[in-house]
Amino acid sequence: MRHYLDAVRNAELVRRTGRVVSISGQSLEAVGPDATIGEICEVVPLYGQGTLTAEVVGVRPGRVVLMPYGELRGVGSGSEVLATGELPRMKVGDEMLGRVIDAFGEPLDGVQELKASGTRPLHAIPLNPLTRPRISDLIETGVRAIDCLLPLGRGQRMGIFAGSGVGKSTLLGMLARDVKADVNVIALIGERGREVREFIEKNLGTEGLRRSVVVVATSDQPALVRTRAAYAATAIAEHFRDEGKQVLLMMDSVTRFAMARREIGLAAGEPPTARGYTPSVFGEIPALCERCGTTDSGGSITALYTVLVEGDDFNEPISDIVRGTLDGHIMLSRDLAHEGHFPAIDVLQSTSRLANDLTTEEEQKLMSAVVELLSVYEKNRQMVDMGAYRVGSNPAVDRALQVYPAIRNVLRQSILESTSRQEALSRMRNAIGGGAL
C-alpha cells in the first residue's frame, strides 16, 4: 500500500503549460507556465520531433523569459511550453575520471557510455565561512616561477590574466600534468572547437587526462550551455572534495563565462552597465569562485581561473572583479612572450596573498631579494638599453644587471620540463648568490 501512496503523492496532478508569444535572438517569451527562476521547461516545436529543453531566466508580468539549451529551429509563436518542476543538476562520480564530457555530463570522447553514480545540484548552498579550515599546506606545481615566487596553497584560488595568444592554455596544461593533486577538473568555456582536442592531446597529455575530468562548452553553443559548463565543473569538483580528495579546478576562461552571463542578463531585461555587462555578472562571479576552497571534510578545491584580458587592459571590469575576489593573480606579459620567455609570467605584476603563510622565513627573504633585483633592473632597463648608464654608477643596478640573466634562466621553462620546488629554490639561490641573503 505504501508504494501506491508514494506514487500518488509524487504524481503530477496538474500540468503547468504555456505558449510561446515572442522570440528574440536566443530568448523566448511565453505566456505561462507558472515557473520559477532556474526551472527547467520543455518547449514543443511546431514541426519536427522531440522537445527543446530551456531554462527560465526571467519573469515579467504575465510572462516568463526562457533561454534554450539547443537550436531554436522549429520553435515558433504558439509552441507549447511545459514546466517540469526540476532544477538543473549534474552527473557526478568516479566514472568520470579520464573522460571528456559536455555541460550535461554526456561523453564527447566517443569511448563508451558514461553511467555516473549520482547527481548534484548545479547551484550549491554556500558554505559557512567559519567551517573552512585555514589554508596552510603548500602545493607544488612544477612551474619554477610559481613555486619560487608565487607559492600556491591547497584550497587557494588564483587568477591567470593575459591577452589572447600569450600562453594561458599552455600554462594550464603544464599545471594539469605536474600539480600534486588527486583529481583535475578542467572546464573549457567558450573555446574554439579546434583548440579543445589540441589542449587535451598536446597540453594535457595521456597521463594528465587519466586523473582529470574535462568539461567542454565550445563558443558556438548557446550562452546558457556555456554558463552551465562552468557550474557543472564546479559541482563535479565539489563532489570529489566532499569525498576528502585534493582537487585542482581549472577554468578557461572566466571571461567567456561572464560574456555568456551578460547575454542571459540582457535577454532577461537587465540594464547594461560597465562595458555592457549586466549587474548579475558581478554577483555571479564571486558566488562561483566562493564555492572553492577548503572544507572540514579534509578535501579541498584549489582553483585556477584564466581571465582573457580585453585589449591587454588589466583594469577592465571582469579583471577588476576577479582580481578582487581571488587569493592572488598571475599576470602573463605579451612583451615577455615576444622575447621567447615562456611561461610569460610577469613576476612584478603578480602576487600570491598567502605567500607568507605558506613559506618559511628563509624562503621569504629569497623571494624578497629576487623581486627587488627584478624591480631594480626593470626601473633602469630603458636607460641601460639607451647606453645612458655607466657601470659602477650604482652598486644596486650593477648587481641587478649581473644576476638578471641567471634569474631569467631559472624562470624560463619548456612545456614538458618539470622541476621540484626544492630544486627550483636551490637554482634561484645559486642564481642570485646565496650570500646575498
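Anything mentioned here points back to the structure above.
Small disclaimer: the values here were computed from a predicted structure and weren't measured. (Residues numbered from 1 in each chain as written. Predicted model: local features only at pLDDT ≥ 70, side-chain atom pairs only at ≥ 80, totals over all residues. Heavy atoms only, no water.)

### So, the overall build of the chain
Put simply, the rule reads: Helix numbers and strand numbers start at the N terminus; a helix is a DSSP run of H or I with at least 4 residues, a strand a run of E with at least 2. Only protein chains enter the accessibility calculation, which uses a 1.4 Å probe; a residue whose area is less than 20% of its type maximum is buried, one above 50% is exposed, and one in between is partly exposed. It only takes one pair of heavy atoms within 4.5 Å for two residues to be counted as in contact. The protein chains shown are the only cover counted for residues, whose accessible areas, like all others here, come from Shrake-Rupley with a 1.4 Å probe. Residues counted as positive are Lys and Arg, residues counted as negative are Asp and Glu, and His and the chain ends are not counted. A charge is said to be at NZ when it belongs to Lys, at CZ for Arg, at CG for Asp and at CD for Glu.
A tally of regular secondary structure across the chain gives 13 helices and 19 strands. Based on the C-alpha atoms only, the size of the chain along its principal axes is roughly 90 × 50 × 40 Å. Looking at the chain as a whole, 52% of its 437 residues qualify as buried. Taking contacts inside the chain between residues at least 6 apart in sequence as the whole, the part at least 24 apart equals 71%. Accessible surface computed for the chain: about 19,900 Å², of which carbon and sulfur atoms make up 50%. Charge centroids of the chain, computed over 49 positive and 55 negative side chains, lie 1 Å from each other.

### Concerning the environment of Leu-172
Mapped onto the elements, Leu-172 comes out in helix H3 (residues 168–178). Classification of Leu-172 by relative accessible area gives buried; the value is 1%. With 119 residues separating them along the chain, Leu-172 and Thr-53 place their C-alpha atoms 33 Å apart. With residues near it in sequence (within four places) discarded, Leu-172 still touches Ile-160, Phe-199, Met-250, Asp-252 and Thr-306.

### Topic: the sheet that holds strand S2 (residues 27–31)
For clarity, the cut-off: When DSSP locates at least two bridges between a pair of strands, those strands are taken to pair. Axes, fitted as lines to C-alpha atoms, cover a helix only where it is in contact. Angles between the N-to-C directions of the axes lie from 0 to 180 degrees.
Here we have 6 strands rolled up into a closed barrel, ordered S1-S2-S5-S4-S3-S6, and antiparallel in their pairing. Taken over all neighbouring pairs, the strand axes of this sheet differ in orientation by 45 degrees on average, direction set aside. Examined bridge by bridge, S2 and strand S5 (residues 63–68) share 3 bridges and lie antiparallel to one another. Counterpart to Ala-30 in the pairing with S5 is Val-64. Of the strands in this sheet, S2, strand S4 (52–60) and S5 are in contact with helix H6 (residues 254–267), which crosses S5 at around 155 degrees.

### Brief notes about the packing of aromatic side chains
Heads up, the condition is: Geometry of aromatic contacts follows a simple scheme: Phe, Tyr and Trp rings, the Trp one being its six-membered ring, pair when their centres are within 6.5 Å, and the pair is stacked under 30 degrees between planes, edge-to-face over 60, tilted otherwise.
Here the structure, examined in full by the defined rule, presents 4 aromatic pairs. An angle of 70 degrees between the planes, with centres 6.3 Å apart, marks the rings of Tyr-277 and Phe-282 as edge-to-face. You can call Tyr-277 buried: its relative accessible area is 0%. Looking at Phe-282, the relative accessible area reads 25%, which means it is partly exposed. Consider the rings of Tyr-377 and Tyr-404, whose centres lie 3.7 Å apart with planes at 5 degrees: the pair is stacked. Of this pair, Tyr-377 sits in helix H11 (residues 361–386) while Tyr-404 sits in helix H12 (residues 395–411); the two residues are 27 residues apart in sequence, bridging distant segments of the chain. Both residues of the pair, Tyr-377 and Tyr-404, belong to the buried class.

### A word on the side chain of Thr-141
Under the convention used in this document: Each polar contact in these results corresponds to two N or O atoms within 3.5 Å; when the atoms are within protein, one needs to be able to donate a hydrogen and the other to accept it, and residues that are neighboring in sequence are counted only if both atoms are side-chain atoms.
Tracing the backbone through its elements, the reader meets Thr-141 in the loop between strand S10 (138–139) and helix H2 (144–149). Looking at Thr-141, its side chain comes within polar contact range of the main-chain nitrogen of Val-143, at 3.1 Å. One polar contact links Thr-141 to Asp-147, side chain to side chain, over a distance of 2.9 Å. Ignoring any residue separated from it by four or fewer positions in sequence, one finds Thr-141 in contact with Ile-146, Asp-147, Leu-152, Met-174, Leu-175, Asp-178 and Val-179.

### Some thoughts on the packing of H6 against helix H7 (residues 281–289)
Basically, it comes down to this: Small angles under 35 degrees read as roughly parallel and large ones over 145 as roughly antiparallel, with 65 to 115 read as roughly perpendicular and the rest as oblique. Each crossing gets its handedness from the near helix: less than a right angle anticlockwise from the far helix is left-handed, clockwise is right-handed. Side-chain classes are defined by residue name, with Ala, Val, Leu, Ile, Met, Phe, Trp, Tyr, Cys and Pro counting as nonpolar, Asp, Glu, Lys and Arg as charged, and the others, Gly among them, as polar.
In contact at an axis separation of 10 Å, H6 and H7 are set at 135 degrees when each is read in the N-to-C sense. As the angle between them shows, H6 and H7 are arranged oblique. As H6 packs across H7, the resulting crossing turns out to be right-handed. Residues Phe-257, Ala-258, Arg-261 and Arg-262 of H6 pack against Val-281, Glu-284, Ile-285 and Leu-288 of H7. Class assignment of the residues belonging to the contact of H6 with H7 gives a composition of 5 nonpolar, no polar and 3 charged.

### Brief notes about helix H13 (residues 421–432)
Let me state the cut-off plainly: Helix span is expected to be 1.5 Å times the residue number reduced by one. Throughout, the arc means that of the directions going from the helix axis to the C-beta atoms.
For H13, with 12 residues, the first-to-last C-alpha span of 17 Å sits near the 16 Å given by 1.5 Å per residue. Residues of H13 that are buried include every one of Arg-421, Ala-424, Leu-425, Met-428, Ala-431 and Ile-432, and no others. Seen along its axis, H13 keeps its buried residues to an arc of 120 degrees; they face one direction. Opposite its buried face, H13 presents the exposed residues Gln-422 and Asn-430, each directed more than 90 degrees away. Among the structural elements, S10, H2, H11 and H12 are those in contact with the buried residues of H13. In the segment just after H13, Gly-433 is the residue with positive phi, at about 85 degrees.

### Some remarks on unusual backbone geometry
Following Gly-32, the chain continues to Pro-33 via a peptide bond in cis, the omega torsion being -5 degrees. With respect to the helices and strands, the residue Pro-33 is situated in the loop between S2 and strand S3 (40–44). Note the cis peptide between Asp-252 and Ser-253, where omega equals 5 degrees. Structurally, the position occupied by Ser-253 is in the loop between strand S15 (246–252) and H6. You will see that Arg-275, though not glycine, has its phi angle at about 50 degrees, which is positive. Along the polypeptide, Arg-275 turns up in the loop between H6 and H7. Given the relative accessible area of 43%, Arg-275 is considered partly exposed.

### Digging into the pattern of salt bridges
Pairing of side chains with opposite charge becomes possible as their charged atoms draw close. Rules: Each reported salt bridge corresponds to a side-chain nitrogen of Lys or Arg within 4 Å of a carboxyl oxygen of Asp or Glu.
Following the criterion strictly, the structure yields 30 salt bridges and no others. Across the pair Glu-29 and Arg-63 runs a salt bridge, and its minimum N-O distance is 3.0 Å. Of this pair, Glu-29 sits in strand S2 while Arg-63 sits in strand S5, and the two are 34 residues apart along the sequence. Given a relative accessible area of 16%, Glu-29 falls into the buried group. Residue class for Arg-63 comes out partly exposed when judged on its relative accessible area of 34%. Glu-71 is paired through a salt bridge with Arg-73; the nearest N and O atoms lie 3.7 Å apart. For Arg-73, a relative accessible area of 67% gives the class exposed. What you see here is one network of salt bridges that share partners, running through Arg-120, Glu-238, Arg-241, Asp-242 and Arg-291.

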